[in-house]
Amino acid sequence: MKIIVCIKQVPAKDAPLAITGNWIKESDIGFEMNEPDSFALEEALRLKEKHGGEVVALSMGPERVKQTIKEALAKGADRGIHIADDQFAQLDPLGAANALAAAVKNENADLILTGLQSDDQGFGQTGVLLAALLDRPHATIIMAIEASEGKLKLKRELEAGWFQWIECPLPAVLSIQSGINKVRYATLKGIMAAKKKEIAALTRESLGVKSEPTQKVEKIYVPVKTKKTEFLTGTPKEVAAKLVEKLKFEARVI
Amino acid sequence: MTVQREQLEADVLIVGAGPAGLSCALHLANLIKKHNESGAKPELSTENIYVLEKGREIGAHQLSGAIMNPKALAELVPDFEKSAPLDTPVRDSAAILLTERSSFRFPLTPPPFQNQGNYVVSLNKIVKWLGALVEDAGVNVFKEFGGAQLVYENSAVAGVITEDKGLDKNGKPKDNYTPGYELRAKVTVLAEGTRGSLTKKLVAEKKLDNINPQSYGIGIKELWDVQPGRIEPGYVAHTLGWPVSTDMYGGGWIYGLANNRVSIGLVLALEYADPRFDPHAAFQKWKTHPFLRKLLDGGKLVRYGAKSLPYGGWYAMPRNTVDGALIIGDSGSFLDSQRLKGIHLAMKSGMLAAETIYQALKTGDASAKTLGGFQSRVEQSYIRDEMWKVRNFHQSFQHGMFRGFIHTAFQQITGGRGLIDPMRAEEGYKHNKKIDATKRSLNATERFKGDGKLTFDRLTDVYHSGTRHDEDQPCHLHVLDTNICITRCVEEYGNPCQYFCPAAVYEMAREVDRSAGAGETERLRLKINFANCVHCKTCDIADPYQIIDWVVPEGGGGPNYEGM
Amino acid sequence: MKILVITEQRQAKWNNTSFETLAAAQQIASALSGTVSAVVVGKSVDALANELAGKNIAEVLQIEHELLESYTPDGFCVALKQVIESAKPQLVLFPHTYQVRDFAPKLAAMLGKGMIGDCVGYRLEGGRLVFVRQMFQGKTAADVTFLGDGPWFASFQSGSFRADQVAASEGGAKPVKRVTVELKAEQIRTKPLELFKEAKSAVDLTQAPLIVAVGRGIKAPENIPQAEAVAKAMGAEIAASRPICDEGWLPMERQIGSSGQTVAPKLYLALGISGAIQHVVGMKGARTIVAINKDQNAPIFEIADYGVVGDIFEIMPALAEELQKAK
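Residues numbered from 1 in each chain as written. Chains lettered and ligands numbered in written order. Predicted model: local features only at pLDDT ≥ 70, side-chain atom pairs only at ≥ 80, totals over all residues. Heavy atoms only, no water.

J.: Run through the overall build of chain B, naming residues and quoting values.
T.: The secondary structure content of chain B amounts to 16 helices and 24 strands. When the backbone C-alpha atoms are referred to their principal axes, chain B occupies close to 75 × 65 × 45 Å. The buried share among the 564 residues of chain B stands at 63%. Partitioning the contacts of chain B with sequence separation of at least 6, the portion at a separation of at least 24 is 77%. For chain B, the exposed area adds up to about 21700 Å²; of that, 50% sits on carbon and sulfur atoms. The centroid of the 66 positive side-chain charges in chain B is displaced by 4 Å from the centroid of its 66 negative side-chain charges. (Helix = DSSP H or I, 4+ residues; strand = E, 2+ residues; numbered from the N terminus. Buried < 20%, exposed > 50% of the residue type's maximum accessible area, 1.4 Å probe, protein only. Contact = heavy atoms within 4.5 Å. Areas by Shrake-Rupley, 256 points an atom, 1.4 Å probe, with all protein chains shown as cover. Lys, Arg positive; Asp, Glu negative; His and termini not counted. Charge placed at Lys NZ, Arg CZ, Asp CG, Glu CD.)

The structure is reproduced here in structure tokens:
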């Protein structure tokens, strides 16, 4: 089974965000593998362990992104693909998906896995767009995968505690729900072996990808609290009554 | 449970990817490269050099002021000026005396505070850059792996066991449980930094202590972005006086980096008498001095961190060579206690260790005989020149600043000998004076709050250290007997762990004990918020009963000292 | 501007967020002199279509097909593509549900267009529509605009608009147009099987619209039921700051903060939480924050919309009672 995992490198979870225009200053902060994607990678590795085959780690972005690809290789991915793009953060979801689709078009993978969304921009569209561009069946928010004889049985999560089983043919694109598995640690041997694994270097130009952006992030900003704290006073009973009234009729959240 | 551990073998295993460990690795890699190129036998491989780094990436746990003397780097990387992230050369070295309301700059900066020719640097950035060179040379640097235990073979050090991963907070294996590896090597180099956890055990096991026990200080640092015009890059100031009282040893620093970034901090010897003294609060108080306030007003806190430093000096350096192992860097106390400079000495110690190890690899003899060449090299190098001159410096201050100045004045004119040589000292924690047991200790959460703009409470500061640990893992701070905390320590010392830890790890929680038959009684319980730990080792050092044992947590955990 | 609202139903029951989107569409339409067409998709959805016809919109488009009875991404995309091509809207709006996440970006891509998803609101700047969404898990907001011609596709996060603000039609039911679409079984590649409910093994606080959180002020585990009573009366999830979970008084999945979950619910009620930065970064994206703490200087009040300086043990029971009355 050939599985391609799309992995994004994002700013470290607690990195202080210095906003410049529509993005953040990338110097002086750490980067790490997008946590939702680490679950997709783990799922891919487990499928390979069960069904044999190959796991390819695909990522896009500046040179620093190779570090995340290496982490995937250290955990057991067989090879990597890096689409070099210093302006990756400026791409709209369709633009990014176009590049990723071009990179994998000739791979004829059985499965393409992504995480649900990235912890930085959080568009949450990559998997679905890849399915559209590659004209493959897809499913999202996947909690379990059972593969047999060229097709899949998938457990999909719905709202309010509901789930659904779906049958899906191969090849397919899946977006994996976070927390579906316990992510493994890279082993020492894995880290050493990763040094010798291939990371193909591509660019949007070399892939012949040209797409017009469909949307633009004009700016990002810290939402400013426009209201001042309204303090409620009185006896506990009075305060409780006032609060419920405010929440119901003023803030209208209950 | 008997654990099956995977075994790997290396030629050289270096525990710690700091300036000492990386300099050792890089220098050794260079020696091996030249060796192979000359066709000498046996052929050696840089891939058989393993470096373990417990941080998430190289540099993550590196913290220093820092003013770096470039002499060691110049030997290690001759074209360092072109490629190293040096930030800015020192342009102005000031020594400043602070009183509560005013400041006085010494018209002539005393020699220990002169720094012409040195660089203001971020040690995190220097180490990151060095790490890249080490990896390019083919050395295996394993991030997120710590050295948890030493391996002995016939009483020689044979390697290290890395920490178990994937244990839950009760020590039970989780789904992704991965036992630590048994890494064996011909030579193990302990480069764990200050108060190394393996080093501590090796020193005890092999009785490597020198005539003086190690003395430590704590350094608490904040990195700020300030308004333009407040400070020049390359401006270096060291402050004495307020708020450090004359019976304590310590002082502050202010270093101007490029782009209006400033490194500020306070260093204090962990030898003070009042067990409830709070170094973090003292640092915050120091910032309220008009001199600092003017600098920081309108600025923004970027990062916070803390680390201990070993400044016992020459007579406190442990014996650094045993069969199969060497101790370098801060773990080996390679630090000039007068100038508080250790980066170049750490690097030099790493390079001298590399030369010694190279000999061992060539001859196949890693016994103390060949490895003993390390100490001879140290004694013939500028490490000795520098440290010998200040061999009694730190110990001079054990009875206060004034007596310290007298002793050090004599030492200055006698090449370090002074009035007493060697000056004996005892462990810092022994200086703790018992408290008046009738005075209740302050509730930790009622303490220093900070104004949130210039001064900060501990938790806010810890947040800015970027420290994280997976919370579902065993606590890495082993307190041998927590009964002592609630019976003896509360009476004798007032639970100083709540005060000396700069990361709010330790807390004496007040609980209502309903179990006892006679109504409700309040009792204390030691709470350890280990996820806040910044790996400074202060607790291991300063605890008056010496019952705290700091061990490596699961790799990757700890602070994120980006830019520090 | 013609706006299409794609509503969501399953087994003849509405996903109520559809009406939040309808309300948003009405607001946009009124500001830009546009019209709103509400779309309902499924099989035998007459009753639902008629319900929509009672709203103040231009028309209802009822898409009926055997193969649309159960949701599939292929089915919905093939069908809705035809609907959009014939209706020619400028803007297509969706509620940001799990289902919409599954097909809407693909639908847009099939028409060569992009989608701005999970928006928390919109603004009009000189007649131009600016959509607002969150980035960095709620730490920042982002203004996003469409480039090029429509149709534009956008989805609104649950709770960003109020379903009860949907204006009813004045003057009778609006027209319901049945739209035929061509859909063949072989075009649908995935096969939906049984739906089932499961007690979720992990709590997903990020999906909870209302959260009641406790901090150190709760003092002991035996006091937590009082907070849970408030949560229950409100229909909220219970959560906690780290010290509570550290002690094991609530499971770790309920932890909010830099080392726990980051949430942005409609309402966050903080009981006995001081507001240390480690906690605040996990919840300051909440739309309405209420804090009750006996320390008037607690930093939590800096970000609270409503604050009470008082004893949570006196207020919790009173609050639970008032909330029950208001139900």
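Further notes follow.
J.: Go over the interface of chain A and chain C, please, and point to the residues and values.
T.: Chain A puts 74 residues into the contact, and the matching count from chain C is 70 residues. Taking both partners together, chain A and chain C bury about 6900 Å²; carbon and sulfur atoms supply 58% of that area. Counting the contacts that link chain A with chain C gives four salt bridges. Close ionic contact of lysine 237 of chain A with glutamate 321 of chain C constitutes a salt bridge, the shortest N to O distance being 3.6 Å. (Buried area = accessible area lost by both parts, 1.4 Å probe. Salt bridge = Lys/Arg side-chain N within 4 Å of Asp/Glu carboxyl O.)

J.: Which residues make up the domain arrangement of chain B, and what are the values?
T.: All names here are of chain B. The domain architecture assigned to chain B consists of domain 1 (7–69 + 127–213 + 314–389), domain 2 (87–117 + 214–310), domain 3 (393–430) and domain 4 (433–446 + 461–550). Distance between the C-alpha centres of domain 2 and domain 3: 23 Å. Of the residues lining the interface, 10 residues belong to domain 2; the matching set on domain 3 comes to nine residues. A buried area of about 890 Å², summed over both sides, lies between domain 2 and domain 3, and 62% of it is on carbon and sulfur atoms. (Domains from an automatic or database assignment.)

J.: Provide a residue-level description of the sheet that holds strand β16 (residues 250–256) of chain B, including the pertinent values.
T.: Note on sheets: strands pair through backbone hydrogen bonds, and any given pair is parallel or antiparallel. All names here are of chain B. Here seven strands make up an open sheet; going across it, the order is β6-β5-β15-β16-β17-β14-β18 and the pairing mixed. One side of each edge strand has no neighbouring strand; the edge strands of this open sheet are β6 (103–105) and β18 (300–310). Here the average twist between neighbouring strands, direction ignored, is 20 degrees. Contacts from helix α6 (residues 279–287) reach β5 (92–98), β14 (216–225), β15 (235–241), β16, β17 (261–269) and β18 within the one sheet, and its direction differs from that of β17 by about 135 degrees. (Pairing = 2+ DSSP bridges. Axes fitted to C-alpha atoms, helices over the stretch in contact; angles between N-to-C directions.)

J.: Provide a residue-level description of the confidence of the model for chain B, including the pertinent values.
T.: Residues and elements named next belong to chain B. Of the residues in chain B, 96% have a pLDDT of 70 or more, and the chain-wide mean is 93. When the elements of chain B are averaged for pLDDT, strand β22 (residues 506–513) gives the smallest value, 82, and strand β2 (residues 49–53) the largest, 98. Per the prediction output, this complex has pTM 0.92; the corresponding ipTM is 0.91. (pLDDT = per-residue confidence, 0-100.)

J.: Quick rundown of helix α1 (residues 35–51) of chain A? Include the residues and the values.
T.: Between its first and last C-alpha atoms α1 of chain A spans 25 Å; for 17 residues at 1.5 Å apiece the expected length is 24 Å, and the two agree. Phi turns positive, to about 75 degrees, at glycine 52 of chain A, one or two residues after α1 of chain A. (Expected span 1.5 Å × (residues − 1).)

J.: Let's hear about the interface of chain C and chain B: which residues, and what values?
T.: Counting residues at the interface gives 16 residues for chain C and 17 residues for chain B. When the two sides are added together, the surface that chain C and chain B hide from each other amounts to roughly 1300 Å², 42% of it contributed by carbon and sulfur. In this structure, the connection of chain C to chain B is made through four salt bridges. Our enumeration of links across chain C and chain B arrives at five residue pairs in polar contact (both at pLDDT 80 or more). Per element, the largest residue contribution to the side of chain C that touches chain B is four residues, and it comes from helix α6 (residues 242–246) of chain C. Among the residues forming the side of chain C that touches chain B, the class breakdown is six nonpolar, four polar and six charged. (Polar contact = N/O pair within 3.5 Å; in protein donor to acceptor, adjacent residues only side chain to side chain. Nonpolar A, V, L, I, M, F, W, Y, C, P; charged D, E, K, R; others polar.)

J.: Quick rundown of the environment of leucine 345 of chain B? Include the residues and the values.
T.: Residues and elements named next belong to chain B. Looking at where leucine 345 falls in the secondary structure, it is placed in helix α8 (residues 343–363). For leucine 345, a relative accessible area of 0% puts it in the buried group. When near neighbours in sequence (up to four residues on either side) are disregarded, leucine 345 contacts Phe334, Leu335, Asp336, Tyr382, Ile383, Glu386 and Met387.

J.: Summarise the nonpolar core; cite the residues concerned and give the values.
T.: Most often, soluble globular proteins have nonpolar side chains that are buried together. Residue and element names in this part refer to chain B. Ile254, Ile264, Leu268, Trp286, Leu295 and Tyr506 are the most contacted members of the largest nonpolar core, which totals 85 residues. If one sorts the elements of this core by residue count, β17 sits on top with six residues. In contact with leucine 295, other than residues within four places in its own chain, are Val226, Arg230, Ile231, Ile254, Val262 and Ile264. Of all hydrophobic cores here, the second largest spans 62 residues; its members include Ala25, Val51, Leu361 and Val378. (Core = buried A, V, L, I, M, F, W, Y, C linked by side-chain atoms within 4.5 Å.)

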